[in-house]
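# A closer look at the structure
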Amino acid sequence: MPTRTTQRARYPRCCLAGIAVLCLVVSAPTYAGTIRSPVAVPGDTLGQAGGSTAHLIDQSGLSLNFISGVTDFETYISMAPTSAAVSQTTGWASSANKLPGYLEFDLGSDFAISGFVLWTQNNTLAVNSFTLSSAQDAAFTIGVTNLGSFNATEGLNAQTYTVTGDGEFVRLEVNSNHSPTSTQVNIGEVAFDTELLPEPASLAILAVGCAAVSLTRRRGIRRRGVTGAKSRAPPHFSLAPIR
């Protein structure tokens, strides 16, 4: 049977183990506030007259590249990156007579989305009015969130917009351009300000760590109570037999 000293020493080690698990969860990298390129463009109702939707997510026309999912969003935007005018090798041009219409972007996984950056065109074919929404599935039936309606200006500079939502897929609904006659639209590049969402496995580890710490606390309190009760017990007297 372990001695009292051994029993007392065992619980701090258990407590430290629980705290270590919590530290592993808390210290895991999150890449909070990083700029992220979509990995694909799975939806498109606007057609293609020039360039490619692939050029919207490959940084082909940007004056300054970034590392998707690593580069800090605000730091990158503060360097005022611009996009080249839309051409066959940089950006994308929609088919005519397609507005309004949308493009759907796949971020590769579920993320918390806090910003959107758009590079469009330096003429009247630039995006004007647009709406953003997010979802967890490509069919836009699960976890759909309206991220807001916005307006862009003509130009090749980075135009940023604050949004609040999460999901893997983002729909960019283009409602109008700046032309009084044309219904075509040009876009150079898009990207998002994202943060990783906690994964179920990480949440499970966190729960186990919390349970371990709670259990060791309760055991420690009970043991201290028993020890205290024993110390307060009345002394035991042995009476000698009367002869």
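Residues numbered from 1 in each chain as written. Predicted model: local features only at pLDDT ≥ 70, side-chain atom pairs only at ≥ 80, totals over all residues. Heavy atoms only, no water.

Another point: the overall build of the protein. Helix and strand counts for the protein come out as 3 helices and 10 strands. Ordered by position from N to C terminus, the α and β elements of the protein give α-β-β-β-α-β-β-β-β-β-β-β-α. Looking at the protein as shown, the accessible area adds up to about 13,300 Å², and 58% of this sits on carbon and sulfur atoms. (Helix = DSSP H or I, 4+ residues; strand = E, 2+ residues; numbered from the N terminus. Areas by Shrake-Rupley, 256 points an atom, 1.4 Å probe, with all protein chains shown as cover.)

Moving on to the side chain of Ser37. With respect to the helices, strands and loops of the structure, Ser37 is situated in the loop between strand E1 (34-36) and strand E2 (40-44). Judged by relative accessible area, Ser37 falls into the buried class, the value being 6%. If sequence neighbours within four positions are ignored, Ser37 has contacts with Ile57, Gln59, Phe66, Ser68 and Glu189. (Buried < 20%, exposed > 50% of the residue type's maximum accessible area, 1.4 Å probe, protein only. Contact = heavy atoms within 4.5 Å.)

Core analysis: the largest hydrophobic core is formed by 28 residues, its most contacted members being Phe105, Phe116, Leu118, Phe130, Leu132 and Ile187. Of all elements in the fold, only strand E5 (101-119), strand E6 (129-135), strand E7 (145-151), strand E8 (159-174) and strand E10 (189-196) reach the threshold of two or more residues within this core. When residues of this core are assigned to their parent elements, the largest contribution, 7 residues, is made by E5. In contact with Leu118, other than residues within four places in its own chain, are Val127, Phe130, Ala152, Asn157, Ala158, Gln159, Tyr161, Ile187, Glu189 and Val190. Core analysis: the second largest hydrophobic core is formed by 9 residues, Ile35, Tyr76, Ile77 and Val117 among them. (Core = buried A, V, L, I, M, F, W, Y, C linked by side-chain atoms within 4.5 Å.)

Here we have 3 strands laid out as an open sheet, ordered E3-E4-E9, and antiparallel in their pairing. Among the strands making up the open sheet, the edge pair consists of strand E3 (50-51) and strand E9 (186-187). Here strand E4 (residues 92-93) runs beside E9; their pairing, made up of 2 bridges, is antiparallel. Its bridge partner being in E9, Ala93 is matched across the sheet by Asn186. (Pairing = 2+ DSSP bridges.)

Another aspect to go through is the packing of aromatic side chains. By the definition in use, this model includes 8 aromatic pairs. Ring geometry for Phe66 versus Tyr76: centroids 5.1 Å apart, planes at 70 degrees, classification edge-to-face. Residue Phe66 is located in the loop between E3 and helix H2 (73-78), and its partner Tyr76 is located in helix H2; the two are separated by 10 residues in the primary sequence. The buried category is assigned to Phe66, whose relative accessible area is 8%. Tyr76 sits in the buried class, given a relative accessible area of 1%. Here the aromatic residues Phe105, Phe116, Phe130, Phe150, Tyr161 and Phe192 are joined through ring pairs into a cluster of three or more. Across the ring face of Tyr102, the terminal group of Arg171 is positioned such that the distance to the ring centre comes to 4.2 Å. In this structure, Arg171 is placed above the aromatic ring of Phe140, and the distance from its NZ or CZ to the ring centre is 4.3 Å. (Phe/Tyr/Trp six-rings, centres within 6.5 Å; stacked < 30°, edge-to-face > 60°. Lys NZ or Arg CZ within 6 Å of the ring centre and 35° of its normal.)

So, about the pattern of salt bridges. This model, assessed by the stated rule, comprises 1 salt bridge. Glu104 serves as the salt-bridge partner of Arg171, at 2.4 Å between the closest nitrogen and oxygen. Of this pair, Arg171 sits in strand E8 while Glu104 sits in strand E5, and the two are 67 residues apart along the sequence. (Salt bridge = Lys/Arg side-chain N within 4 Å of Asp/Glu carboxyl O.)

We now examine the confidence of the model for the protein. Parts of the prediction with low pLDDT should not have their coordinates interpreted in detail. In this model, the protein carries a mean pLDDT of 83, and residues with pLDDT of at least 70 account for 68%. Confidence drops under pLDDT 50 across residues 4-9; counting only partners more than four residues distant or on other chains, this segment forms 4 contacts. Taken as a whole, residues 21-31 scores under 50 in pLDDT and shows 13 contacts with residues more than four places along the chain or in a different chain. (pLDDT = per-residue confidence, 0-100.)

Structurally, Phe116 is set in strand E5. Measuring from C-alpha to C-alpha, the distance between Phe116 and Ile35 comes to 9.0 Å, with 81 residues separating the pair along the chain. Among all residues touching Phe116, those that are not within four sequence positions of it are Phe130, Leu132, Gln159, Thr160, Tyr161, Leu172, Val190, Ala191 and Phe192.

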